[in-house]
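Descriptive analysis of the structure
What follows is the residue order along each chain.
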Amino acid sequence: QNARPLKEAGFVLSLCQINIDHYGYAHEIMAERDKHERFIRMLHREVSENPDDAYRTFHLFNLGNAYYTRGDMESAAEWFAKADEDPDPREEYCAMLYAEWATALYSLGRAEESLTVCDRALTLGIIEPGIYFARAHALLHQKDYDGAQSGFRKAIELGKKAAVVSTGDSGAHTFKALYGLALAGTGRERYDEAIRYCRESLAQKPNFHDARHLLGIALKHEGRLIEARNELERLIREVGRHDYAESDLACVLYDLGEFTAALPHLRKASVLQSESLEVWTRLADCSEKLGLFEDARDAYLVVRNLAPGSPTALVNLGRMYAKSGDPSKAIDSFTSAISLNPDYANSYFNAGDTLYALGAYPQAVEAISAGLQRDPENAAGFFVLGNCYYQTAQYGAAVLTYKAAVARKPDYREAINNLELAQSALSELEPAA
């Protein structure tokens, strides 16, 4: 910020190519030292008490920057707009003014205004990586992934040609811009592309946690589950807590069939993301697969509340009531599922299974028959229906029904065995007839 006035004063500047990170104004340090409020109060006084027009824009920028650093994007945008009243594009801070203003706007969901600010900067001749970086992020918010990709590439290109002295976030033309390219690739479902850019970003900044998280997600989408697990486990080790990574790791372990390993992560994820239907559904199913039927029932109760219009949620809940020894509530759940969607065959089949287990064979026949009307190719339905007939000594009907099950599933060993039993029982009755 001092380069231009020093040159105008006749000094010759000799500068080396270095990056200076001023950690004293980093957000976490400002917060720890309670510097935000003190700094903002000082700047408000500076703006109100210093009438010098030569410095007014700079003070307005600093005030906007102070709010920006604190995370108050609404106030930051307000003061950046005032700084835009009479800018001098030759001033080094002007690039930061427009880049941070545009960033504040798109973070507030005002992407169109953000693009207007970027255009304003370019019109003033401020051709800086940070402007194109902010513009690309605004386009990401608008789901213009091709435009965003072009913007991030332009930022990287300008960064390679940058002047000796520049201010702002160097990540805007290095590792953060590469991460932006990965986000654009993810938006277009080009996960192989996202993986490549994430790895390039991490090569420049190994502790860039957002890039590692996105890498894990992209690997998961590509079916490279072992690699995804390794990246997500590393991320959690490094940060200690990462709500979304915890959930993603749980889902990866579940998809790998590592249910015992997945369960504690799913439990943790269900606390961190208590409204995630995916997490609760996987937690319920994982608990069921591990024989923890009461835990599965409790998880399916949450699933039912998160998806009240889902007959599948009610059927799954009913199954867990049945397995945990509460058949009356199981029947109630199946009945509710039928009321919700009378054409959902699984409701009838599961009701039939529960009624059969209770020995209510006529009612089970009625429920399973209703299911087969809706899903006539269901071999398991014919099998249980055959069992109902066998239990009530209707061996002829049982033989026909088991044959129907085997016709639909030729390798159905249980149905083949029961068919032989029913045929034997039927043959024993024929001489008496």
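To be clear, the structure that these remarks concern was listed above.
Below, the structure is looked at part by part. Predicted model only: the values in this text are computed from it and were never measured.

1. Re the overall build of the protein chain
Looking only at helices and strands, the protein chain features 24 helices and zero strands. Taken over 433 residues, the protein chain has a buried fraction of 46%. Considering only residue pairs separated by 6 or more positions, the protein chain has 50% of its internal contacts joining residues 24 or more positions apart. A total of about 22,200 Å² of accessible surface is found on the protein chain, and carbon and sulfur atoms cover 50% of it.

2. Brief notes about the pattern of salt bridges
As enumerated under the stated definition, the model contains 29 salt bridges in all. The salt bridge involving Asp-146 is made with Arg-188; its shortest N-O contact spans 2.5 Å. Taken together, the residues span a long stretch of sequence, with Asp-146 in helix 9 (residues 145–160) and Arg-188 in the loop between helix 10 (175–187) and helix 11 (191–204) at a distance of 42 residues. When the shortest N-O distance is used, the salt bridge between Asp-285 and Lys-289 registers 2.5 Å. Of this pair, Asp-285 and Lys-289 both sit in helix 16 (residues 277–289), four residues apart, roughly one helical turn. Since its relative accessible area comes to 46%, Lys-289 is described here as partly exposed.

3. Overview of the packing of aromatic side chains
Using the criterion set out here, one finds 13 aromatic pairs in the structure. A ring pair is formed by Phe-61 and Tyr-93, whose centres lie 5.2 Å apart and whose planes are at 25°; its orientation type is stacked. Taken together, the residues span a long stretch of sequence, with Phe-61 in helix 4 (residues 53–70) and Tyr-93 in helix 6 (residues 93–107) at a distance of 32 residues. No difference in accessibility class separates Phe-61 from Tyr-93, as the two residues are buried.

4. Comments concerning the side chain of Asn-418
Among the secondary structure elements, Asn-418 is positioned in helix 24 (residues 413–432). Note on Asn-418: relative accessible area 18%, which makes it buried. At 2.9 Å, the side chain of Asn-418 forms a polar contact with the side chain of Asn-387. Here the side chain of Asn-418 touches Tyr-402 through a polar contact of 3.4 Å, side chain to side chain. Those residues in contact with Asn-418 that lie beyond four places of it in its chain are Phe-383, Asn-387 and Tyr-402.

5. Points about the nonpolar core
Ranked by size, the top nonpolar core spans 124 residues in total, and within it Tyr-98 and Phe-152 carry the most contacts. Sort the elements by how many residues they give to this core and helix 6 lands first, with eleven residues. Aside from chain neighbours lying at most four places away, what touches Phe-152 is Phe-133, Ala-136, His-137, Leu-140, Ala-177, Gly-180 and Leu-181.

6. Observations concerning unusual backbone geometry
In this structure, Glu-189 takes a positive phi of about 60° despite not being glycine. Turning to its location among the elements, Glu-189 is positioned in the loop between helix 10 and helix 11. Judged by relative accessible area, which is 60%, Glu-189 ranks as exposed. Residues other than glycine seldom take positive phi values, yet Ala-393 does so here, at roughly 65°. With respect to the helices, strands and loops of the structure, Ala-393 is situated in the loop between helix 22 (379–391) and helix 23 (395–408).

7. Notes on the side chain of Ser-287
Tracing the backbone through its elements, the reader meets Ser-287 in helix 16. Overall, Ser-287 belongs to the buried group, its relative accessible area being 2%. With near-sequence residues (within four places) excluded, Ser-287 lies in contact with Leu-263, Leu-292, Asp-295 and Ala-296.

8. A look at the environment of Tyr-106
Structurally, Tyr-106 can be placed in helix 6. Considering only alpha carbons, one finds Tyr-106 and Ala-134, 28 residues apart in sequence, at a separation of 8.4 Å. Sequence-distant contacts of Tyr-106, defined by excluding residues within four places in its chain, comprise Ala-111, Ser-114, Ala-134, His-137, Ala-138 and His-141.

Rules behind the numbers
Residues numbered from 1 in each chain as written. Predicted model: local features only at pLDDT ≥ 70, side-chain atom pairs only at ≥ 80, totals over all residues. Heavy atoms only, no water. Helix = DSSP H or I, 4+ residues; strand = E, 2+ residues; numbered from the N terminus. Buried < 20%, exposed > 50% of the residue type's maximum accessible area, 1.4 Å probe, protein only. Contact = heavy atoms within 4.5 Å. Areas by Shrake-Rupley, 256 points an atom, 1.4 Å probe, with all protein chains shown as cover. Salt bridge = Lys/Arg side-chain N within 4 Å of Asp/Glu carboxyl O. Phe/Tyr/Trp six-rings, centres within 6.5 Å; stacked < 30°, edge-to-face > 60°. Polar contact = N/O pair within 3.5 Å; in protein donor to acceptor, adjacent residues only side chain to side chain. Core = buried A, V, L, I, M, F, W, Y, C linked by side-chain atoms within 4.5 Å.

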